[in-house]
Amino acid sequence: MNPERDDFYRIDPKGKLWRGDLELDDESYIDYFFKQLQENSTGRNADHAFISRLGAETAFLKADDTPVVFKTLTENQLFYTENLSVEFHPAELRFSEDGVLYHPAPIGSFGKIASQLVMQLGENIRPWGPYFAFKRAEDKCEYIIEPLIKKENCTLLKPRPENRCAGCGGANPNGLCLSFLYDESLKTVQSWMIPDARLEGAMGWMHGGYVSLLLDEVMGKVLSVQQIKAATAQLNVRFRKPVLLHKEIELRGFMEKQNGRKNFLKGEIRDAETGVILAEADALFISVAK
């Protein structure tokens, strides 16, 4: 009988498996290795966070980043070996401070998206304020990619699948399906969007009714995120400059003051690149009596 033995492996940033200086390329062995992979609870070799039980061998694994590195996306499956994969959920993507993209993995919580796959996914990714947004042609809503380590005082408000709101609902087939970022310390709500041809008015830029809708929506979010249920009683909009289509804009809403059931708010639409105010509004929302 062969005695049990320890051996030491490494996963490099590209997801390649190494034993010492030898790169392993036998796909069936790699599949077997990852099927046995688990967290290291042996109390030995603590600098190797994972182990794989390979018969009489205990393989201690050290990952340069994450033990799982996703290399390809096929038929909505993220593959980390030739035959092992997880279902791709864009809403669960995360990014690190240095811009590395991650997705939930079966071991190690998150797996790194390899650089060659990031290039493929990058066709559907755009900046969204301090975050990023992912959207394919077949997706109705953008999926906002949050940071791996969430920012303090910041809450992402996603479209609710059952909500038919024209601005933020996920169930309205003609809705805008907007997400918002709430900064609790400043009590402000922001969003970023690129208006498309659906919002066009007679002059060739955004219809004034949609401008008003967006302002009403971002101000209303300041209340709803604080669990204040209120209806718009007055909405005063000032159109300063045309809101152009296919050019990113920033929406911003904040509380001005409260007086009993009366909530006074301000909203802005800015050119996301220059910060120039394109439209602004003040509004009165009346809290619904409980």
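Shown above is the structure to which this text applies.
A brief report on the enclosed structure follows.

About the criteria used
- Residues numbered from 1 in each chain as written.
- Predicted model: local features only at pLDDT ≥ 70, side-chain atom pairs only at ≥ 80, totals over all residues.
- Heavy atoms only, no water.
- Helix = DSSP H or I, 4+ residues; strand = E, 2+ residues; numbered from the N terminus.
- Rg over C-alpha atoms; globule rule 2.2 N^0.38 Å.
- Buried < 20%, exposed > 50% of the residue type's maximum accessible area, 1.4 Å probe, protein only.
- Contact = heavy atoms within 4.5 Å.
- Lys, Arg positive; Asp, Glu negative; His and termini not counted.
- Charge placed at Lys NZ, Arg CZ, Asp CG, Glu CD.
- Disulfide = S-S within 2.5 Å.
- Polar contact = N/O pair within 3.5 Å; in protein donor to acceptor, adjacent residues only side chain to side chain.
- Salt bridge = Lys/Arg side-chain N within 4 Å of Asp/Glu carboxyl O.
- 1 Å grid on protein atoms, 1.4 Å probe; cavity = no way out; pocket = protein on both sides within 12 Å on 5 of 7 lines; lining within 4 Å.
- Points joined across faces, edges and corners; volume = space filled by probe spheres on them.
- Nonpolar A, V, L, I, M, F, W, Y, C, P; charged D, E, K, R; others polar.
- Core = buried A, V, L, I, M, F, W, Y, C linked by side-chain atoms within 4.5 Å.
- Arc of directions from axis to C-beta.
- Patch = residues over 30% accessible without salt bridge, like charges linked within 9 Å, V, L, I, M, F, W, Y side chains within 5 Å.
- Areas by Shrake-Rupley, 256 points an atom, 1.4 Å probe, with all protein chains shown as cover.

### Regarding the overall build of the protein chain
Piece 1. For the protein chain, the helix and strand inventory stands at 3 helices and 23 strands.
Piece 2. Rg of the C-alpha trace for the protein chain: 25 Å, well past the compact-globule value of 19 Å for 290 residues, more than 25% over.
Piece 3. Evaluated residue by residue, the protein chain yields a buried proportion of 44% over its 290 residues.
Piece 4. Counting contacts in the protein chain only where the partners sit at least 6 residues apart, residues at least 24 apart contribute 53% of the total.
Piece 5. Considering the protein chain, the positive charge centre built from 36 side chains and the negative charge centre built from 42 side chains are found 9 Å apart.

### Topic: the state of the cysteines
Piece 1. Applying the stated criterion across every chain, the model contains 1 disulfide.
Piece 2. Covalently, Cys 141 is tied to Cys 177 through a disulfide, its sulfur atoms 1.4 Å apart. Disulfide Cys 141 to Cys 177: torsion about the S-S bond roughly 50°, handedness right-handed. Here the residue Cys 141 occupies a position in the loop between β15 (131-134) and β16 (143-147), and Cys 177 occupies one in the loop between β17 (154-157) and β18 (180-183), the gap between them amounting to 36 residues.
Piece 3. Accessibility expressed as a relative area gives 5% for Cys 177, which makes it buried.
Piece 4. Free of any disulfide, Cys 168 has its nearest neighbouring cysteine sulfur in Cys 165, separated by 3.7 Å.

### So, the side chain of Ser 287
Piece 1. Position of Ser 287 relative to the elements: it lies in strand β23 (residues 277-287).
Piece 2. At 2.9 Å, the side chain of Ser 287 forms a polar contact with the side chain of Asn 263.
Piece 3. Discounting chain neighbours no more than four positions away, the residues touching Ser 287 are Ile 228, Lys 229, Ala 230, Arg 261 and Asn 263.

### Notes on the pattern of salt bridges
Piece 1. For the structure shown, the criterion picks out 22 salt bridges.
Piece 2. Where Asp 47 meets Lys 62, a salt bridge forms, and the shortest distance between an N and an O atom there is 3.5 Å. Here Lys 62 lies in strand β6 (residues 57-63) and Asp 47 lies in the loop between β4 (37-39) and β5 (50-54), a separation of 15 residues in the sequence.
Piece 3. Overall, Lys 62 belongs to the partly exposed group, its relative accessible area being 33%.

### Notes on the layout of surface pockets
Piece 1. Roughly 500 Å³ of internal volume is contained in the largest pocket.
Piece 2. Of all the secondary structure elements, the ones that give two or more residues to the lining of the largest pocket are β14 (125-128) and β19 (188-193).
Piece 3. Of the residues contributing to the lining of the largest pocket, the split by class is 13 nonpolar, 4 polar and 8 charged.

### Examining unusual backbone geometry
Piece 1. Despite not being glycine, Glu 75 has its phi angle at roughly 50°, a positive value.
Piece 2. Positionally, Glu 75 belongs in the loop between β8 (72-74) and β9 (77-79).
Piece 3. The backbone phi angle of His 246 is positive, close to 60°, even though this residue is not glycine.
Piece 4. Within the element layout of this structure, His 246 appears in the loop between β20 (230-239) and β21 (249-259).
Piece 5. Under the relative-accessibility criterion, His 246 is labelled exposed at 58%.

### Points about the environment of Lys 62
Piece 1. The spatial distance from the C-alpha of Lys 62 to the C-alpha of Cys 168 is 43 Å, given a sequence separation of 106 residues.
Piece 2. With residues near it in sequence (within four places) discarded, Lys 62 still touches Tyr 9, Arg 10, Ile 11, Asp 47 and His 48.

### Structural notes on the nonpolar core
Taken as a class, soluble globular proteins show a tendency for nonpolar side chains to be buried jointly.
Piece 1. One finds Phe 33 and Phe 70 to be the most contacted residues of the largest nonpolar core, which totals 39 residues.
Piece 2. Secondary-structure elements contributing two or more residues to this core are β1 (5-11), α1 (27-35), β5, β6, β7 (69-70), α2 (115-121), β15 and β16.
Piece 3. Not counting residues up to four positions away in its chain, the partners in contact with Phe 70 are Leu 78, Phe 79, Tyr 80, Val 86, His 103, Pro 104, Ala 105, Gly 111, Lys 112, Ile 113, Ala 114 and Leu 117.
Piece 4. Counting 31 residues, the second-largest nonpolar core is a separate cluster that includes Leu 176, Phe 180, Leu 199 and Ile 269.

### Examining α1
Piece 1. Within α1, burial applies to Ile 30, Asp 31, Phe 33 and Phe 34. Along α1, the residues classed as buried sweep out an arc of 160° about the axis, all on the same side. Pointing more than 90 degrees away from the buried face of α1 are the exposed residues Ser 28 and Lys 35.

### Regarding a nonpolar patch on the surface
Piece 1. Together, Met 203, Trp 205 and Leu 244 line one region of the surface with nonpolar side chains, adding up to about 310 Å² of accessible area.
Piece 2. Turning to its location among the elements, Met 203 is positioned in the loop between β19 and α3 (208-224).
Piece 3. Taking relative accessible area as the criterion, Met 203 reaches 61% and is therefore assigned exposed.

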